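# Topology and contacts: notes
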Amino acid sequence: MQIYGLQKMTLLDYPEHVAATVFLNGCDFKCPYCHNFELVDGTARPLMEEEEFFSFLGKRKGILDGIAISGGEPCLHRELPDFIRRIRAMGFLVKLDTNGYHPEMLLSLIEEHLVDYVAMDIKNSFTKYGITVGVPKLDTEPVRRSIDILMNSDRDYEFRTTVVKEFHDEKDFEEIGEMIRGAKKYFLQQYTCRDTVPDQTLNPPSKEELKQYLVVLSKNVPNARLRGV
Ligand code: SF4
């Protein structure tokens with residue numbers, strides 16, 4: 001496994017834990033608002049080989065609680081379970097960030113208790129899913145299956161949506177509320193622009209719009225919250 005990015009310490013990426021975040025390359029979505037698009041379009045170069053990463057981890061025992069694995073989409077990598085087994089063998093907790101498009105990998109990681117916490121993106125209502133992830137004819141069935149797997153698992157999890165003014169409206173959050181009714185945790189995050197984002201014309205929603213979306217969600221997802229707003 002090649003490592004494409006490493007944040008050596010973060011208090012933000014793994015809730016209630018001191019963690020490092022490792023970034024893997026590749027993704028099957030092409031979200032126009034992606035913050036890590038260089039990992040998606042293949043322009044990023046590897047930062048280090050796996051052995052160098054494990055040598056770094058060896059020096060962080062007792063300092064870090066866990067490792068957040070992000071991307072790109074980590075579940076694209078067949079070597080992911082072995083990679084996680086090595087991290088766990090060193091005594092670290094593991095959090096996985098996923099776009100929810102690889103239910104088989106997700107299920108096997110959960111069944112083998114390889115992940116302690118999963119953060120899954122809910123990109124939009126199913127009606128607008130494909131357009132929101134830059135793959136207009138997307139089959140949304142894998143996303144449905146991943147939602148079902150997480151909501152029926154014994155692992156800690158969260159769903160989260162990066163809200164973009166041009167992609168999301170109240171009706172979408174009505175539908176999302178039905179898709180994840182009763183979810184343990186659901187966070188709305190306000191889109192922020194960066195100069196690496198592929199579509200520079202996109203905008204964040206206002207705080208008032210986000211609060212209205214929470215009202216809409218509250219019927220089906222009382223645990224929905226805003227994050228970082
Ligand atoms: S799923 Fe995540 S990594 Fe993949 S394109 Fe979308 S925002 Fe980027």
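What you see is a predicted model, and the numbers here were worked out from it, not measured in a lab. (Residues numbered from 1 in each chain as written. Predicted model: local features only at pLDDT ≥ 70, side-chain atom pairs only at ≥ 80, totals over all residues. Heavy atoms only, no water.)

Below, the discussion takes up the nonpolar core. Membership of the largest hydrophobic core comes to 68 residues, with the highest contact counts inside it found for F53 and L80. Every residue in contact with L80, bar those within four places of it in the chain, is listed here: M1, L24, I69, P74, C75, L96, M105 and L109. (Core = buried A, V, L, I, M, F, W, Y, C linked by side-chain atoms within 4.5 Å. Buried < 20%, exposed > 50% of the residue type's maximum accessible area, 1.4 Å probe, protein only. Contact = heavy atoms within 4.5 Å.)

Turning next to the pattern of salt bridges. Taken as a whole and judged by the stated rule, the model has 18 salt bridges. The salt bridge involving E112 is made with R85; its shortest N-O contact spans 2.8 Å. Residue E112 is found in the loop between α4 (103–111) and β7 (117–121), and its partner R85 is found in helix α3 (residues 80–89); the two are separated by 27 residues along the sequence. Classification of E112 by relative accessible area gives partly exposed; the value is 41%. For R85, a relative accessible area of 34% gives the class partly exposed. Look at the salt bridges and you will find they share partners, linking K95, D97, D121, K123 and R160 into a network. (Salt bridge = Lys/Arg side-chain N within 4 Å of Asp/Glu carboxyl O. Helix = DSSP H or I, 4+ residues; strand = E, 2+ residues; numbered from the N terminus.)

Where empty space is left in the structure can be found by rolling a water-sized probe over the atoms. Empty space within the largest pocket amounts to approximately 1300 Å³. Forming the boundary of the largest pocket are 39 residues, of which H35, N36, R160, T162 and Q189 lie nearest the centre. Where the lining of the largest pocket is concerned, the elements lending two or more residues are β2 (5–10), β3 (19–23), α1 (37–40), β6 (93–98), β8 (156–163) and β9 (186–190). Ranked by residue count, the leading element in the lining of the largest pocket is β8, at 4 residues. Of the residues contributing to the lining of the largest pocket, the split by class is 12 nonpolar, 16 polar and 11 charged. (1 Å grid on protein atoms, 1.4 Å probe; cavity = no way out; pocket = protein on both sides within 12 Å on 5 of 7 lines; lining within 4 Å. Points joined across faces, edges and corners; volume = space filled by probe spheres on them. Nonpolar A, V, L, I, M, F, W, Y, C, P; charged D, E, K, R; others polar.)

Don't take any of this as a statement about function, it's just geometry.
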